[in-house]
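Observations on chain architecture
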Amino acid sequence: MTADITTRRTPLDGWTSRFAELAPAVRLTERPFRSQLTLRLRDAGRAAAVSRVLGVDLPETPCTFNRGAGPHGPVEVAWLGPDEYLVLAQPGLQRTLESALREAIGGTQGGAVVDVSAQRTTLALSGPRARDLLAHGCAIDLHPSVSPTGTCVQTLLAQTGIILLVRDADPAEFLLLVRASFARYLAAWLVDAGAEYREEPV
Amino acid sequence: MQLIPCPWCGPREEVEFHYGGQAHVDYPAEPAALSDEEWAKFVFFRDNPRGPFAERWSHAAGCRRWFNAVRDTRSYELLAVYRPGQERPVTT
């Protein structure tokens, strides 16, 4: 038998039914193939040009993200470091965004734009028990008073490095970005940790 | 667990950090002019004080940036953290 290498598969291909078992207390779905680009900005004066391309301002406060819509549709821009940002967009836009962003920062002298779409996969986590589920393996205080909407933290969840975006603090709605090679481990951990909330009356 | 305050991300658990040894060990201005003994001192010899000690730390699982911290080696208490390029703050 020949291996099928023409069909594109997500790291969490085949996990949909196991995720569905967690509902309704926890709703977990994969958002596959999202465009992800790392942006390193050498010249902070170029931030305005980048904002025009994306339609969203670059986040200035550490550990936050901005979301909005621009010429390339809905985008999220997360703060990853003092000069480092992660741009998240709809699937299939990585080539277009890469060249548009590189032009906006002034070419290779102005910093770096790298397509990292294959590096991580995205998990959307929501539901009344989503915060309790994360608390099983994540030390970050996700109470809305500490981590309001727009918080973006890079931390460890069950010993795995993740980027956690708080899309909505109340009702809880999170995005988890996890390395593709750790995705199945994290999925198994989430399904196991959420077992106690199954069939719980909401 | 001990919390270490990253200058950018705020207090995080110690497991997210990586230790980088003594801070403010400057690379020799003229490496070629150093004797073997001076070179060995630069490469291998570090202070080992009992009390406040300026160290380098990296927030490896977070923003992945290096910063400096003054830690009391007797109590493990972090007296100050500061960004690279900043002066070592005065601690008591």
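Refer to the structure printed above.
Calculation notes
Residues numbered from 1 in each chain as written. Chains lettered and ligands numbered in written order. Predicted model: local features only at pLDDT ≥ 70, side-chain atom pairs only at ≥ 80, totals over all residues. Heavy atoms only, no water. Helix = DSSP H or I, 4+ residues; strand = E, 2+ residues; numbered from the N terminus. Rg over C-alpha atoms; globule rule 2.2 N^0.38 Å. Buried < 20%, exposed > 50% of the residue type's maximum accessible area, 1.4 Å probe, protein only. Pairing = 2+ DSSP bridges. Axes fitted to C-alpha atoms, helices over the stretch in contact; angles between N-to-C directions. Contact = heavy atoms within 4.5 Å. Phe/Tyr/Trp six-rings, centres within 6.5 Å; stacked < 30°, edge-to-face > 60°.

1. A few points about the overall build of chain A
Check the secondary structure of chain A and you find five helices and 10 strands. In terms of overall size, chain A behaves like a compact globule, its C-alpha atoms giving a radius of gyration of 18 Å where 202 residues would be expected to give roughly 17 Å. When the backbone C-alpha atoms are referred to their principal axes, chain A occupies close to 55 × 55 × 30 Å. Split into buried and exposed, the 202 residues of chain A put 50% on the buried side.

2. A word on the sheet that holds strand 8 (residues 152-157) of chain A
Residues and elements named next belong to chain A. Read from one edge to the other, the open sheet built from five strands follows the order 1-7-10-9-8, with strand pairing classed as antiparallel. A single partner strand is all that each edge strand has here, and the edge strands are strand 1 (27-31) and strand 8. For this sheet, the mean angle separating the axes of adjacent strands, direction not counted, is 30°. Two elements, strand 8 and strand 9 (residues 160-168), share six bridges in a ladder whose sense is antiparallel. By the bridge assignment for strand 9, Val153 is matched with Leu164.

3. Re the pairing of strand 2 (residues 10-13) of chain B
Residue and element names in this part refer to chain B. Note that strand 1 (residues 3-6) and strand 2 share four bridges and pair antiparallel. For Ile4, the partnering residue across the bridge sits in strand 2 and is Arg12. In this antiparallel pair of consecutive strands, strand 1 and strand 2, the connection spans three residues.

4. Observations regarding the environment of A:Ala78
Residues and elements named next belong to chain A. For Ala78, the position within the fold is in strand 4 (residues 73-81). On the basis of relative accessible area, Ala78 is assigned to the buried category, the value being 1%. Each C-alpha atom of the pair Ala78 and Leu88 lies 8.1 Å from the other, and the pair is 10 residues apart in sequence. Once you skip the residues sitting within four places of it in the chain, Ala78 turns out to touch Pro59, Thr64, Phe65, Glu84, Tyr85, Leu86, Cys152 and Leu165.

5. Some thoughts on the packing of aromatic side chains
Residue and element names in this part refer to chain B. Inspection of every chain in the model, using the stated rule, returns six aromatic pairs over all chains. Both rings, one in Phe17 and one in Phe67, keep their centres 5.9 Å apart while their planes meet at 85°; by these two values the pair is edge-to-face. Residue Phe17 is found in the loop between strand 2 and strand 3 (18-22), and its partner Phe67 is found in strand 5 (residues 66-72); the two are separated by 50 residues along the sequence. On the basis of relative accessibility, which here comes to 9%, the residue Phe17 falls in the buried class.

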